[in-house]
Amino acid sequence: MKHHVVLVRSFVVVAGVLAVALAGCVEASQEAVAYDAVAVSRDAAKDTSSGWIVTLSRADVALGPFYFCAAASGSSTLCASSIAEVAGVTVVNALAPAPSPLGRVHGFSGNVQSVSYDFGISWFDTQTAATPAPSLPGGHSMRLEGEARKGAMLVSFTADVDVVPQYQGQNALSTASAIASVESSATRLEVVLHPAGWLRQVDFDAIAATGKVPFAIRPGSAEHGAILVGIKNLSPLEFRWTAAAAP
Amino acid sequence: MMNRRSEGAALVLMTLVSFTAVAACGSKDGGSSTGGNGNVQIFVVPEDTIANGLQPGTELENVQDGWTISYSRYLVAVGNFRARRSDTGDSIGDPSIHVLDLKAAPTSGYVVKELTNVAAVRWDKFGYDIANAKAGATPLAPTTQADADFMIQNGYSVYYEGAGVKAGKTITFKWGFAAGTSFDDCASPDGVPGFAVPAGGTVQVKPTLHGDHQYFDNITQGVEITKRLAQWLETCDKDANAELTIEELKKCDVVTALPQPPYDLTAVKDQDGDGKISVFDYVNTQMRTFGDYQGDGECPTRASQ
């Protein structure tokens, strides 16, 4: 009986020591989180490009899916599994003054450092080619319409834009910075767009010289390539996490 | 009912389990700790593409659109080698910056630093800088003091001279970039982070500098899933004098020189701040990615300086 008591006491002591020691190396658990994502347009309709003032009258944009990564690079080769994601594709009016819902972010609490995403055209490992989501405007990532003005010159244009992943298994935007520390579901993700900025690299002087009204920008053209530069490099999406408003 | 002998055995067993568990917890080096000390020899190794150029062809490492690329001079400013243990926070390193002539590198590369009497464990965080050269950067033979002075005076992190040749047409180039970048979290090609020092032995650590990123069709992240293309050399030579200058690169629109597809320009930055993305911005951005590790291993955490 006495030996049994000693054993029990010893067990408790050893277990206590073990618990304290292990507590130092067990990383804090991550909490499953889910919160809203919205698209927010900023100075959406106007921008300038080489002296041209660009004004958009229409910007229907497919956004998603989004994959958020704890690593500094969101590339599929460096971020095999995301910490959070917006799995769906949503077409938004990027000129709308009010935030547009993008669905729910599902994932885990913790630090986010990067994101990779598509504009409605994805090329998953299971697909043999890049594939548009069924909901895309006219089958394209986006439809832009507007005009550009420089002095007495006026150019009106339409643009059907496809933002396509370069290789199978990658996203169209393979990595971008997105910094956050998400602690709970009381969070909101804002995806900030500045669509008029996507036309900054477009050569409107060349478009004006064609005399075509309206000038139609289609995939494969130089102007389409210039819009991709705007989307990926000159006016990329920004990602902001804020505390969710109280219900 | 448990007898005294079995009680004692159980106690010993519990204690052993406890020590084993705690020991495993404390060791984040994957059990590679060997005790004792060893040495670290840091080499800077140029990729074969710097010494022997790139060949046209259809193989993975070939230039796919028929161009042959060769370099006659290739200078870099590299150093600030650093290593850290995640488990203890201990760190070792050397802040020196060296100017190296990679075209004239010794066969096995430059031995830039030897660290002795280092704990024989895994140092899982390794990084280094390709730095904008400043006063104090020193050449290692056969690199000359004139090479170092040239890099310092211009503040270059990398400078190279060479040529592209296709179908009898030759385009020469002499380009320097102040594209200082830190490269961290380096891992071997099979993904093992940092390096392990053997007790009583020496580990060779090899930052490897690549000479083909200028010709990639994207800004690679991690594994190099890319094709090599060089037609932009001719596209950007607007005056058709067969010498492609930095000024021509700055005036060369990526829309025509690097069309998407086949290119993907994600992560290319407006490095010269002119509000447009030019081929200069593309090459400059690539000059912030060419630091690799142990051959084709990656240093995925990069930051411009």
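**Notes on the overall build of chain A**
At step 1: If you tally the helices and strands in chain A, you get three helices and 16 strands.
At step 2: Of all 247 residues assigned to chain A, the portion counted as buried reaches 48%.
At step 3: Sequence-distant contacts, at least 24 apart, represent 79% of the contacts inside chain A between residues at least 6 apart.
At step 4: Of the roughly 11,300 Å² of accessible surface on chain A, a fraction of 58% belongs to carbon and sulfur atoms.

**What about helix α7 (residues 279–286) of chain B?**
Residues and elements named next belong to chain B.
At step 1: The buried fraction of α7 is high, at eight of eight residues.
At step 2: Residues of α7 that are buried: Val279, Phe280, Asp281, Tyr282, Val283, Asn284, Thr285 and Gln286.
At step 3: The inward-facing, buried residues of α7 contact β8 (158–166), β9 (169–177), α4 (232–236), α5 (246–251) and α6 (254–257).

**So, the side chain of histidine 98 of chain B**
All names here are of chain B.
At step 1: The residue histidine 98 is located in strand β3 (residues 91–101) in this model.
At step 2: Classification of histidine 98 as buried rests on a relative accessible area of 8%.
At step 3: A distance of 3.1 Å separates a polar atom in the side chain of histidine 98 from a polar atom in the side chain of threonine 138.
At step 4: Ignoring sequence-local partners within four residues, the contact set of histidine 98 consists of Val76, Ala77, Val78, Val112, Thr138 and Leu140.

**Comments concerning the sheet that holds strand β13 (residues 173–182) of chain A**
Residue and element names in this part refer to chain A.
At step 1: A sheet is described by the order of its strands in space; here eight strands give the open sequence β13-β8-β4-β5-β7-β1-β14-β16, paired in mixed fashion. Edge positions in the sheet fall to β13 and β16 (238–243), since each has one partner strand and no second. Between one strand axis and the next, the sheet turns through 25° on average, direction left out of account.
At step 2: Sheet analysis places strand β14 (residues 187–193) next to β16, joined by six bridges and oriented antiparallel. Its bridge partner being in β16, threonine 187 is matched across the sheet by alanine 243.

**What about unusual backbone geometry?**
At step 1: In this chain, valine 213 of chain A is followed by proline 214 of chain A through a cis amide linkage whose omega measures -15°.
At step 2: Secondary-structure assignment places proline 214 of chain A in the loop between α2 (204–210) and β15 (215–217).
At step 3: Phi is positive for alanine 240 of chain B, which is not a glycine, with a value near 50°.
At step 4: Here alanine 240 of chain B shows up in the loop between α4 and β14 (243–244).
At step 5: In this structure, alanine 267 of chain B is a non-glycine residue whose phi angle is positive, near 80°.
At step 6: Within the secondary structure, alanine 267 of chain B is located in the loop between α6 and α7.

**Focus on the state of the cysteines**
Residues and elements named next belong to chain B.
At step 1: If you walk through the whole model with that rule in mind, you get two disulfides over all chains.
At step 2: Through a disulfide, cysteine 186 is tied to cysteine 299; the S-S separation comes to 2.1 Å. Of note, the bridge from cysteine 186 to cysteine 299 carries an S-S torsion of about 110° and is right-handed in sense. In this pair, cysteine 186 sits in the loop between β10 (181–184) and β11 (195–196) while cysteine 299 sits in the loop between β15 (291–293) and β16 (301–304), placing the two residues 113 residues apart along the sequence. Residues cysteine 186 and cysteine 299 agree in their burial class; the two are buried.

**A few points about the side chain of serine 122 of chain A**
Residues and elements named next belong to chain A.
At step 1: Assignment of secondary structure puts serine 122 in strand β9 (residues 121–122).
At step 2: At 2.6 Å, the side chain of serine 122 forms a polar contact with the side chain of aspartate 118.
At step 3: When near neighbours in sequence (up to four residues on either side) are disregarded, serine 122 contacts Pro65, Gln127, Ala129, Ala130, Thr131 and Pro165.

**Describing helix α3 (residues 145–154) of chain B**
Residues and elements named next belong to chain B.
At step 1: Taken as a whole, α3 has its buried residues at Asp147, Ala148 and Met151. On an axial view of α3, the arc spanned by its buried residues comes to 95°, and they lie on one face. Exposed and facing more than 90 degrees away from the buried side of α3 are Ala146 and Gln153.
At step 2: Against β2 (68–84), β3, β7 (138–139) and β8 lie the buried residues of α3.

**Here's the deal with the pattern of salt bridges**
At step 1: Taken as a whole and judged by the stated rule, the model has 22 salt bridges over all chains.
At step 2: Of the charged contacts in the structure, one is a salt bridge between arginine 143 of chain A and glutamate 145 of chain A, with a shortest N-O distance of 3.0 Å.
At step 3: A salt bridge links glutamate 298 of chain B to arginine 302 of chain B, with the shortest nitrogen-to-oxygen separation between them at 3.7 Å.
At step 4: Connected via shared salt-bridge partners are Arg58, Asp60, Arg143, Glu145 and Asp160 of chain A.

**Some details on the confidence of the model for chain A**
At step 1: When the pLDDT values of chain A are averaged, the result is 87; 85% of them are 70 or greater.
At step 2: Taken together, the stretch residues 1–26 of chain A has pLDDT below 50 and engages in 21 contacts with residues farther than four places along the chain or on a different chain.

**Overview of the pairing of strand β3 (residues 52–63) of chain A**
Residues and elements named next belong to chain A.
At step 1: Note: strand β2 (residues 46–49) against β3, four bridges, orientation antiparallel. If you follow lysine 46 over to β3, its bridge partner there is threonine 55.
At step 2: Linking β2 back to β3 in an antiparallel pair, the connection comprises two residues, with serine 50 at a positive phi of about 50°.
At step 3: Bridge count between β3 and strand β11 (residues 142–150): eight bridges; the pairing is antiparallel. Counterpart to valine 61 in the pairing with β11 is methionine 142.

**Regarding the environment of threonine 90 of chain A**
Residue and element names in this part refer to chain A.
At step 1: Examined against the element boundaries, threonine 90 turns out to sit in strand β6 (residues 90–93).
At step 2: Sequence separation of threonine 90 and glycine 139 is 49 residues, and the distance between their C-alpha atoms is 13 Å.
At step 3: Non-local contacts of threonine 90, meaning those with residues more than four positions away in its chain, are made with Val61, Ala62, Leu63, Pro101 and Leu102.

Rules used throughout
Position labels on residues start from 1 in each chain and follow its written sequence. Chains and ligands are labelled by the order in which they are written, letters from A for the one and numbers from 1 for the other. It should be noted that, the model being predicted, local features are given only for residues of pLDDT at least 70 and side-chain atom pairs only at 80 or more, the latter also being counted only at that level, while totals for whole chains, interfaces and linings use all residues. To obtain the side-chain values, all non-hydrogen atoms of the structure were included, while hydrogens and water were left out. Starting at the N terminus, helices and strands are each numbered in turn, a helix being any DSSP run of H or I of at least four residues and a strand any DSSP run of E of at least two. Exposure classes here rest on a 1.4 Å probe applied to the protein chains alone. A residue is buried below 20% of its type maximum, exposed above 50%, and partly exposed in between. We call two residues in contact when some of their heavy atoms are within 4.5 Å. Each accessible area value is a Shrake-Rupley result obtained with a 1.4 Å probe; residue values ignore everything except the protein chains displayed when judging cover. What qualifies as a polar contact is a pair of N or O atoms within 3.5 Å, subject to a donor-acceptor requirement within protein and to the restriction that residues adjacent in sequence count only when both atoms come from side chains. At least two DSSP bridges between two strands are needed for those strands to be called paired. Throughout, an axis means a line fitted to C-alpha atoms (over the contacting stretch in the case of helices), and angles, computed between N-to-C directions, take values from 0 to 180 degrees. The disulfide criterion used throughout: a pair of cysteine sulfur atoms within 2.5 Å. Each direction from the helix axis to a C-beta atom contributes to the arc, which is the arc of those directions. Every case where a carboxyl oxygen of Asp or Glu lies within 4 Å of a side-chain nitrogen of Lys or Arg is listed as a salt bridge. Each residue carries a pLDDT score, the predictor's own confidence in it, on a scale running from 0 to 100.

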